[in-house]
Amino acid sequence: MAIHIKDADDLKTRLSEAGEKLVVIDFMATWCGPCKMIGPKLEEMANEMADAIVVLKVDVDECEDIATEYNINSMPTFVFIKSTKKIEEFSGANVDKLKNTILKLK
C-alpha cells in the first residue's frame, strides 16, 4: 500500500524504516492527469511487491519543501532510493518503465 507523506520529518522516518527495501517516491499532484492515470497501477505494484518495496506518495502542493529538495519540475516524477541514498529517477507516467525500473532495482 502506498503511504502518503505528511512532511519532511515523516519522509525521513519512512526512509529510515524502509531499511534495505527499495523506496519508490511518487511526486504527484491531485490536479495532475498523468498522476491520476498511473496512481492505481503504482498502488497495484506496491501491493504485489510489498515484501520488496515501499511506495511513498508526496503531493508537491502539500510538501513544497520536499519537492524543492529533490528538484522536482514535472509530475509524476519517481525517485528510487535504497538505504536512504537516491539511485535513480525519471519523470512521466510510463507504467512499463516504472515496473521495469522497480524490478531492476529491488
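First, a word on scope: everything that follows refers to the structure included in this document. These figures come from a predicted structure and were not determined experimentally.

Quick word on the state of the cysteines
Tallied over the entire structure, the rule returns one disulfide. The side chain of Cys-32 participates in a disulfide bridge whose partner is Cys-35; the two sulfur atoms lie 2.4 Å from each other. Because the torsion about its S-S bond is 80 degrees, the bridge between Cys-32 and Cys-35 counts as right-handed. Neither residue differs from the other here; Cys-32 and Cys-35 are each classed as buried. Unpaired in this structure, Cys-63 has its nearest cysteine sulfur neighbour in Cys-35, at a distance of 14 Å. The exposure class assigned to Cys-63 is buried, which follows from its relative accessible area of 1%.

Quick word on the packing of aromatic side chains
Tallying each qualifying case throughout the model produces three aromatic pairs. Ring centres of Phe-27 and Tyr-70 lie 5.5 Å apart, and the angle between their planes is 45 degrees; this geometry places the pair in the tilted category. Of the two residues, Phe-27 is situated in strand β2 (residues 22–28) and Tyr-70 in the loop between α3 (64–69) and β4 (77–82); the sequence distance between them amounts to 43 residues. Here the two residues Phe-27 and Tyr-70 agree in accessibility, since each one is buried. Between Phe-80 and Phe-90, the aromatic rings sit 5.9 Å apart at their centres with planes inclined by 25 degrees, giving stacked as the arrangement.

Topic: helix α2 (residues 33–48)
The first and last C-alpha atoms of α2 sit 24 Å apart over 16 residues, in line with the 22 Å expected at 1.5 Å per residue. Its maximal kink placed at Gly-39, α2 deviates by approximately 35 degrees, while the proline Pro-40 follows within four residues. All of the buried residues in α2 are Cys-35, Ile-38, Gly-39, Leu-42, Met-45 and Ala-46. Against the buried residues of α2 lie β2, β3 (53–59), β4 and α4 (95–105).

The rules behind the values
Residues numbered from 1 in each chain as written. Predicted model: local features only at pLDDT ≥ 70, side-chain atom pairs only at ≥ 80, totals over all residues. Heavy atoms only, no water. Disulfide = S-S within 2.5 Å. Buried < 20%, exposed > 50% of the residue type's maximum accessible area, 1.4 Å probe, protein only. Phe/Tyr/Trp six-rings, centres within 6.5 Å; stacked < 30°, edge-to-face > 60°. Helix = DSSP H or I, 4+ residues; strand = E, 2+ residues; numbered from the N terminus. Expected span 1.5 Å × (residues − 1). Bend = angle between axes of the 7 residues up to and from the residue. Contact = heavy atoms within 4.5 Å.

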